[in-house]
Amino acid sequence: MTKVDLKFVEGLTLAERASLVTGHDFWFTAEVPGSKKMMLTDGPSGLRKQADDADALGLNDSVDAVCFPCSALTAASFDDDGLLKLGQHLGIAAKAERIGVLLGPGVNIKRSPLAGRNFEYFSEDPLLAGRMATAYVKGVQSEDVGVSVKHFALNNRENQRFTSSSNVDERTMREIYLAQFERVVKQAHPATIMCSYNKINGTLNSQNQRLLTRILRDEWGFTGLVMSDWGAVADHVAALKAGLDLEMPGNGQASVDEIVQAVNEGRLDEAILNRSALRVLKMVERWGSEGEVSDYDKEEQHRFARQLADDGIVLLKNDDQELPLTNDTKLAVIGELAEHPRYQGAGSSHVNAHHLVSPLDAMPAGARYAQGYELTSDQEDEQLTAAALDLAKQSDQVVFFAGFPAAMESEGFDKTSIDLPANQTELLAKLRAVNPHLTVVLQNGSVVAMPWADQVPAIVETYLAGEAVGEATWDILLGRVNPSGKLSESFPFKLSDNPTYPTFDQDKNNENYREGLLVGYRYYDSKHLPVRFPFGHGLSYTSFQYSDLAVKQADGQLTVSFKLTNTGQVAGKEVAQIYVGNRVSMIEKPAKELRDFVKVELEPGQSKTISRVLPRRAFAWYNPEQEVWQADNGEYEIFIGSSVADIRLHQRIDYQLGTPVQVRLTSETYVGDMMKHQTPTIKRALQETGLADKLATILNSDNAAIFANIPLRSLVMAGISPEEVQQLIRLANA
Ligand code: GLC
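Please read these numbers as outputs of a predicted model, since none were measured by experiment.

Peer 1: Which parts of the structure should I look at to understand the overall build of the protein?
Peer 2: In terms of regular secondary structure, the protein is built from 22 helices and 26 strands. In terms of overall size, the protein behaves like a compact globule, its C-alpha atoms giving a radius of gyration of 28 Å where 734 residues would be expected to give roughly 27 Å. Taking the principal axes of the C-alpha coordinates as reference, the protein spans close to 90 × 75 × 45 Å. Looking at the protein as a whole, 62% of its 734 residues are labelled buried. Residue pairs in contact within the protein that sit at least 24 positions apart in sequence constitute 76% of those at least 6 positions apart. Element-wise, carbon and sulfur atoms account for 48% of the exposed surface of the protein, whose accessible area totals about 27,400 Å².

Structure representation (structure tokens):
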């Protein structure tokens, strides 16, 4: 292929250039003289390459491929290295199948527990989502396959996703909903970004110039290609002008004719068309994959899928060491999900799984199974119930498989409830009544309400664990693997505790992010609202001690160090989480926010000292007026925890690596703020005007609190003239 550059593009006919900026068909880019076509294919948790009938929702067949755990589970590993390896495996599979760009990962924030695609997204926290996605992208692209980080941006609801407007304030957008995209773009340089269907504050994202060009390219330095989600383009000319380079899927000759006509009529600048055509050609040149499909080791990939699930599965509860199960126990395995497991999501991420191993397939010898309920119904079945209870009575321990049936959660629509089907919860209660040794294993793509949690001794969250779900589940239950997963999202006691309730999905055309920054744990933790299981929570078969916290500011950086010790009897991994609480900036802010985490493996009795540098950004908030990330000097709290609610170490610090809090005096400045943030110039101005003594007297009087809370323009109430105030302001701001 000849090297593509603008000269090459200008050598193409107008029609050829127009054919490049729309897909050739559902999965391919167009071929022009000197440049072959390239295939794009889903998905985030395994290859969905469709040989024949193409569709965007996993309805038709796709090639045999290993189905890895969904992103909800991989994020629970909090393991960057695991996500890197997942990316490498996906890259190997895509390369072998001659795919140029893999359409993933999905990095949208889990805002409401009802959102239909939460299984496919990493977290409610942008740092965790950003770190997992960055590792994943580096992994895929290390195998010479491009990615498409999606869905850019604020695609946090499925219902009316093609038209709904996500209405959000600038600071929330920057700090919560764009931050993970920003991290991936700056640290992993993804080949492409996929713009989402929805609008942001009324502007359709496929033609959102501020999002696709000003923020993505001008601010973040993205140099790749922007493609649309499938069917997201409403006005192709407007989309090209906004910075969308490739409309997918292709709309055929009609789209080519539309673009040619727009150029000929002067409605579309030819330079804009050439710019996008060049980006398509450069994508194909860099990532295009020619030649015959080849084999790759799917059994090795299956083994990795199992290991990845092992690393993410979360032990939510384990009273009196109910788990791990002992081999010599009479074990009952109950629930149709053991036989027909939920192991992947529905929609465009659907994989034609290479080798599904169900929990029933992998259950230990001697264990006995009862279906218990029907997945296709929420009605109890008397016979199934009776057989299950009978088995439970004869057994030492019961493992009950529960979860959301496939029909309940998927891409394309949102859930209406987070409750398990009634036939499962009714059976669970009856099983508990006949056998207290009851472990619940959950298979769900997103948050589930657990009103029964206090009645059972053990709960294991396996989410959608991929094709190796059976082996991984028993790895954990039997103690072959010590669980180390941590929740990447909060599990509230009930849906109505969530801050997006009851407004989520109430307005067909608008989704109003009224909770602002307080999404997920940022809400529950700031509100001191207890939850069933908090963000970052996950138990182990061993125990960990945290000690010796030290925070140092030197050489322009802040270092947090602490010691972690395995105080139990078995080896294990702990995810130590570092949260920061801003106590200085005079703005709305969550009580604390995740600013770093590290997964540490320790032998019994082993200790390690962990040392982490927190960058300036870990202390920053986005200032919309100044359009900058601002880290104010002053008081912060550093928390080290085993979850957001299980803080083990804590220290207040005076951060001095940011920007001095600039209090530019105005007549509206409050006396208290001025006195709290006295910069040297303010101190000098107070002295020179003689107001230092006057104010000291006032603020030492019984009325101190009242006077601290009045603006300078009202100091006449304290006998200070407007002229004196103006002189103070002039000197202080000099
Ligand atoms: C779908 C999804 C997107 C997927 C694309 C192609 O509608 O939103 O994630 O990559 O279309 O299947």
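Peer 1: Please explain the domain arrangement of the protein as it appears in this structure.
Peer 2: Frequently, the measure chosen for interface size is the accessible area removed from exposure when the parts meet. When the domains of the protein are assigned, the result is domain 1 (6-66 + 78-287), domain 2 (299-506), domain 3 (544-655) and domain 4 (671-732). Taking only C-alpha atoms, the centre of domain 3 and the centre of domain 4 are 37 Å apart.

Peer 1: Sorry, what's going on with the site of the ligand here?
Peer 2: In the vicinity of the ligand, 15 residues are found, and the nearest of them are Asp42, Arg117, His151, Tyr197 and Asp229. A distance of 3.2 Å separates an oxygen atom of the ligand from a polar side-chain atom of arginine 48. The separation between an oxygen atom of the ligand and a polar side-chain atom of glutamate 411 is 3.2 Å. Protein chains bury 99% of the 310 Å² of accessible surface belonging to the ligand in isolation. Taking a 2 Å distance to the grid points as the criterion, the majority of the atoms of the ligand fall inside the second largest cavity. When its residues are assigned to classes, the shell around the ligand shows six nonpolar, two polar and seven charged.

Peer 1: Help me understand the pattern of salt bridges, please; the structure alone is not making it clear to me.
Peer 2: Side chains bearing opposite charge may pair, as long as their charged atoms lie close to each other. Tallying each qualifying case throughout the model produces 53 salt bridges. In this structure, the salt-bridge partner of aspartate 64 is lysine 298, at a minimum N-O distance of 2.8 Å. One end of the pair, aspartate 64, is in strand 2 (residues 64-65); the other, lysine 298, is in helix 11 (residues 298-312), with 234 residues separating them in the sequence. Exposure remark for aspartate 64: the relative accessible area of 26% places this residue in the partly exposed category. Exposure remark for lysine 298: the relative accessible area of 19% places this residue in the buried category. For lysine 592, the salt bridge identified is with aspartate 525, shortest N-O distance 3.1 Å. Within this pair, whereas lysine 592 is found in the loop between strand 20 (572-582) and strand 21 (593-602), its partner aspartate 525 is found in helix 17 (residues 521-526), the two being separated by 67 residues in sequence. Judged by its relative accessible area of 17%, aspartate 525 falls in the buried class. What emerges from the salt-bridge pattern is a single network uniting Arg111, Arg157, Asp505, Glu511 and Glu515.

Peer 1: Got a minute to help me understand the sheet that holds strand 7 (residues 199-200) in this structure?
Peer 2: Sheet strands pair via backbone hydrogen bonds, and the direction of the pair is either parallel or antiparallel. One open sheet accounts for four strands, arranged 8-7-5-17; its pairing is mixed. Lying at the two open borders of the sheet, with one neighbouring strand each, are strand 8 (203-204) and strand 17 (510-512). Bridge count between strand 5 (residues 165-167) and strand 7: two bridges; the pairing is parallel. Counted as the bridge partner of serine 166 is isoleucine 200 from strand 7.

Peer 1: Looking at this model, I keep getting lost on helix 16 (residues 469-477). Mind explaining?
Peer 2: What sets the pattern is the α-helix's 3.6 residues per turn: residues three or four places apart point alike. Here helix 16 lies mainly inside the structure; nine of its nine residues are buried. As for helix 16, its buried residues are in contact with helix 11, strand 11 (331-334), helix 13 (359-362), strand 14 (397-403), strand 15 (438-443) and strand 16 (458-461). In the segment just after helix 16, glycine 479 is the residue with positive phi, at about 80°.

Peer 1: Can you walk me through the packing of aromatic side chains in this structure?
Peer 2: With the rule as written, the count across this model stands at 18 aromatic pairs. With centroids separated by 3.9 Å and ring planes inclined at 35°, the aromatic side chains of phenylalanine 162 and tyrosine 197 adopt a geometry described as tilted. Of this pair, phenylalanine 162 sits in the loop between strand 4 (146-152) and strand 5 while tyrosine 197 sits in the loop between strand 6 (192-195) and strand 7; the two residues are 35 residues apart in sequence, bridging distant segments of the chain. On the basis of relative accessibility, which here comes to 41%, the residue phenylalanine 162 falls in the partly exposed class. An aromatic cluster of at least three residues, connected via ring pairs, comprises Phe78, Tyr521, Phe535, Tyr579 and Phe597. Seen from the ring of tryptophan 287, arginine 286 lies directly overhead, with NZ or CZ sitting 3.8 Å from the centre.

Basis of the calculations
Residues numbered from 1 in each chain as written. Predicted model: local features only at pLDDT ≥ 70, side-chain atom pairs only at ≥ 80, totals over all residues. Heavy atoms only, no water. Helix = DSSP H or I, 4+ residues; strand = E, 2+ residues; numbered from the N terminus. Rg over C-alpha atoms; globule rule 2.2 N^0.38 Å. Buried < 20%, exposed > 50% of the residue type's maximum accessible area, 1.4 Å probe, protein only. Contact = heavy atoms within 4.5 Å. Areas by Shrake-Rupley, 256 points an atom, 1.4 Å probe, with all protein chains shown as cover. Domains from an automatic or database assignment. Near = heavy atom within 4 Å. Polar contact = N/O pair within 3.5 Å; in protein donor to acceptor, adjacent residues only side chain to side chain. 1 Å grid on protein atoms, 1.4 Å probe; cavity = no way out; pocket = protein on both sides within 12 Å on 5 of 7 lines; lining within 4 Å. Sits in = over half its atoms within 2 Å of the grid points. Nonpolar A, V, L, I, M, F, W, Y, C, P; charged D, E, K, R; others polar. Salt bridge = Lys/Arg side-chain N within 4 Å of Asp/Glu carboxyl O. Pairing = 2+ DSSP bridges. Phe/Tyr/Trp six-rings, centres within 6.5 Å; stacked < 30°, edge-to-face > 60°. Lys NZ or Arg CZ within 6 Å of the ring centre and 35° of its normal.

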